[in-house]
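Examination of the molecular architecture
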Amino acid sequence: MAVWRRKPKNRVLIHSDQGSQFTSIDWSAFTRAHNLEHSMSWRGNCHANAVPKSFFNLFKRERIR
């Protein structure tokens, strides 16, 4: 959806964990087709998403509940 809406002209970096959806051949083909650079954290790195998870946890607590 974001690729379709924004139509990036330059290469865009996408960082993810090693979930099965991000290690699939389909995802790899999608990133190549849309000029995206895929970056993955190493296996078992619990700190890779610490900042976004902390932010969204606080956001949900303050805004949604």
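Not measured: the values here are computed from a predicted model.

As a further point, take the overall build of the protein. Within the protein one finds three helices and two strands. Each helix and strand of the protein, placed in order from N terminus to C terminus, yields the pattern α-β-α-β-α. Out of the 65 residues belonging to the protein, those deemed buried represent 11%. Residue pairs at least 24 apart in sequence account for 56% of intrachain contacts in the protein once pairs closer than 6 positions are excluded. Entry remark: accessible area of the protein is about 6,000 Å², with carbon and sulfur atoms responsible for 56%.

Here the focus is the packing of aromatic side chains. Within this structure, the stated rule accounts for three aromatic pairs. An angle of 25° between the planes, with centres 5.7 Å apart, marks the rings of Trp27 and Phe30 as stacked. Highlighted residues: Trp27 and Phe30, both in helix α2 (residues 25–33), separated by three residues, approximately one helical turn. Here Phe30 falls in the partly exposed class, since its relative accessible area comes to 33%. A centroid spacing of 5.0 Å and a plane angle of 75° characterise the contact between Phe55 and Phe56, whose relative ring orientation is edge-to-face.

Before going further, it helps to spend a moment on the environment of His15. Among the secondary structure elements, His15 is positioned in strand β1 (residues 12–16). Residue class for His15 comes out partly exposed when judged on its relative accessible area of 44%.

Positive phi is not limited to glycine here, since Asn35 has a value of about 60°. As for its position among the elements, Asn35 is in the loop between α2 and β2 (36–40). For Asn35, a relative accessible area of 33% gives the class partly exposed.

Conventions used here
Residues numbered from 1 in each chain as written. Predicted model: local features only at pLDDT ≥ 70, side-chain atom pairs only at ≥ 80, totals over all residues. Heavy atoms only, no water. Helix = DSSP H or I, 4+ residues; strand = E, 2+ residues; numbered from the N terminus. Buried < 20%, exposed > 50% of the residue type's maximum accessible area, 1.4 Å probe, protein only. Contact = heavy atoms within 4.5 Å. Areas by Shrake-Rupley, 256 points an atom, 1.4 Å probe, with all protein chains shown as cover. Phe/Tyr/Trp six-rings, centres within 6.5 Å; stacked < 30°, edge-to-face > 60°.

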